[in-house]
Amino acid sequence: MQQTILVTGGAGYIGSHTCVCLLEAGYQVIVVDNFSNSNIIAPERVQQITGKTFTVHPVDICDRKTLAAVFAEHDIDAVIHFAGFKAVGESIEQPLNYYHNNIYGTITLCEVMAEAGVKTMIFSSSATVYGMNDNVPFKESAPTSATNPYGHTKLFIEQILQDVCIADPEWTVTLLRYFNPVGAHHSGLIGEDPNGVPNNLMPFISQVAVGRLKKLKIFGNDYPTPDGTGVRDYIHVIDLADGHVKALESTGKQKGVAIYNLGTGHGISVLDVVTTFEKINGIPIPYKIVPRRPGDIASSFADPKKAKNILQWIAKKTLEDMVRDAWNWQQKNPNGYA
Ligand code: NAD
Ligand code: UDP
């Protein structure tokens, strides 16, 4: 029987790509988003890509009454929970906003879910929970910590969801720890559309390529890495989205909480990303080396074996696919959805 999945934050970057994969896998989708960091055009484009329609509720997950009405209106089987704020720097400036939106939002969502008898959730966690530890590759069992309010919200929510599962064995929660999602759907219809100057590497490079920004600043070339620049595990957003479908398929066999890294397992340096982008897209990316960014670690990449063994999921797309699709999206939408 066709399952109905409520996707919070489904208009956002990862949420919109996950909606595409869910619809293509035959799920019915309901989106809840307050558009605080997204645009109504994104779900419209998802419908264009898939040829399938779905309902989008302009609802804040902190608004219990309106959220409960969504659960009353639809027969929901499971929730994929993306909604939240995600900018590290902003979280340091506005900690209460982050704790309120991310933690209170999640608690409200869980309460409404429990009242509606929906007790299956997939949650967007992050590799940021591995903290300043750079004993790579990270296994799910590695020690966790946080250095900023955003990271704390992910850690606290992971803990809250584990406690919910202990208290009520009817709950099934999957914590997906994403590494560095990049790229876009190959159509170029949906992609990453950050507000203001991007904090993340790939959208910054794409905006240099399209002429919105002059020069990339590379934060440090004196790390203990092969070329001195920071190493990360970049994962194509479509592979990441597919990981949610695999996680969903696995919830029937699961009891309580399961934690999975979603990464490729490959460490890629900043210079690798820049030179691959230049080579594949034929566009020079001017850059200068500047001091390290406070809070950055040298290396972060996943041990993705657990997701492979249990979810039968692996990341298939290459760095070449990532830079090609990132540029295709940026080129077709120089100003994002605006
Ligand atoms: P995004 O900002 O593009 O998407 C989040 C969506 O949630 C947006 O559409 C926003 O409008 C919505 N939202 C925020 N607060 C809401 C609220 N109170 N009620 C309803 N909707 C609300 O971010 P993304 O990159 O797609 O990230 C999705 C999730 O994955 C987030 O939880 C983020 O922390 C997590 N994550 C992202 C990354 C990354 O690098 N992009 C890495 C690890 C984890
Ligand atoms: N980075 C950079 N210049 C930028 C943005 C990022 O050199 O304008 C580097 C950053 O120091 C890190 C890597 O690129 O080594 C990935 O950074 P991003 O912010 O995308 O992800 P995160 O640090 O959260 O893993």
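Structural data are supplied above this passage.
Residues numbered from 1 in each chain as written. Chains lettered and ligands numbered in written order. Predicted model: local features only at pLDDT ≥ 70, side-chain atom pairs only at ≥ 80, totals over all residues. Heavy atoms only, no water.

### Details of the nonpolar core
Residues Ile 5, Val 7, Leu 22, Val 29 and Leu 248 are the most contacted members of the largest nonpolar core, which totals 40 residues. Not counting residues up to four positions away in its chain, the partners in contact with Ile 5 are Leu 22, Tyr 27, Gln 28, Val 29, Ile 30, Ala 78, Ile 80 and Leu 248. In this structure, Ile 30, Ile 61, Met 113 and Leu 161 belong to the second largest nonpolar core, which totals 25 residues. (Core = buried A, V, L, I, M, F, W, Y, C linked by side-chain atoms within 4.5 Å. Buried < 20%, exposed > 50% of the residue type's maximum accessible area, 1.4 Å probe, protein only. Contact = heavy atoms within 4.5 Å.)

### Structural notes on helix H3 (residues 64-73)
Residues of H3 that are buried: Leu 67, Val 70 and Phe 71. Taken down its axis, H3 places every buried residue within 95 degrees of arc, on the same side. Opposite its buried face, H3 presents the exposed residues Lys 65, Ala 72 and Glu 73, each directed more than 90 degrees away. At its buried positions, H3 is contacted by strand S1 (4-8), strand S2 (28-32), strand S3 (55-57), strand S4 (78-81) and helix H5 (95-116). (Helix = DSSP H or I, 4+ residues; strand = E, 2+ residues; numbered from the N terminus. Arc of directions from axis to C-beta.)

### Examining the sheet that holds strand S6 (residues 172-178)
With parallel pairing, 7 strands are arranged side by side in an open sheet as S3-S2-S1-S4-S5-S6-S11. Looking at the sheet topology across the chains shown, the edges are occupied by S3 and strand S11 (256-262). Put simply, the sheet's adjacent strands are angled 20 degrees from each other on average, direction ignored. Where S1 meets S2, 5 bridges bridge the pair, whose relative direction is parallel. (Pairing = 2+ DSSP bridges. Axes fitted to C-alpha atoms, helices over the stretch in contact; angles between N-to-C directions.)

### Side note on the site of ligand 2
Among the 15 residues in the neighbourhood of ligand 2, the closest are listed as Leu 201, Lys 217, Arg 232, Arg 293 and Asp 296. In this structure, an oxygen atom belonging to ligand 2 sits 2.8 Å away from a side-chain N or O atom of Arg 232. Note that an oxygen atom of ligand 2 is positioned 2.8 Å from one of the side-chain N or O atoms of Arg 293. Out of a free accessible area of 510 Å², ligand 2 has 87% covered by protein chains. Broken down by secondary-structure element, the contributors of at least two residues to the shell around ligand 2 are helix H7 (201-209) and strand S8 (216-219). Of the residues in the shell around ligand 2, the class split is 7 nonpolar, 4 polar and 4 charged. (Near = heavy atom within 4 Å. Polar contact = N/O pair within 3.5 Å; in protein donor to acceptor, adjacent residues only side chain to side chain. Areas by Shrake-Rupley, 256 points an atom, 1.4 Å probe, with all protein chains shown as cover. Nonpolar A, V, L, I, M, F, W, Y, C, P; charged D, E, K, R; others polar.)

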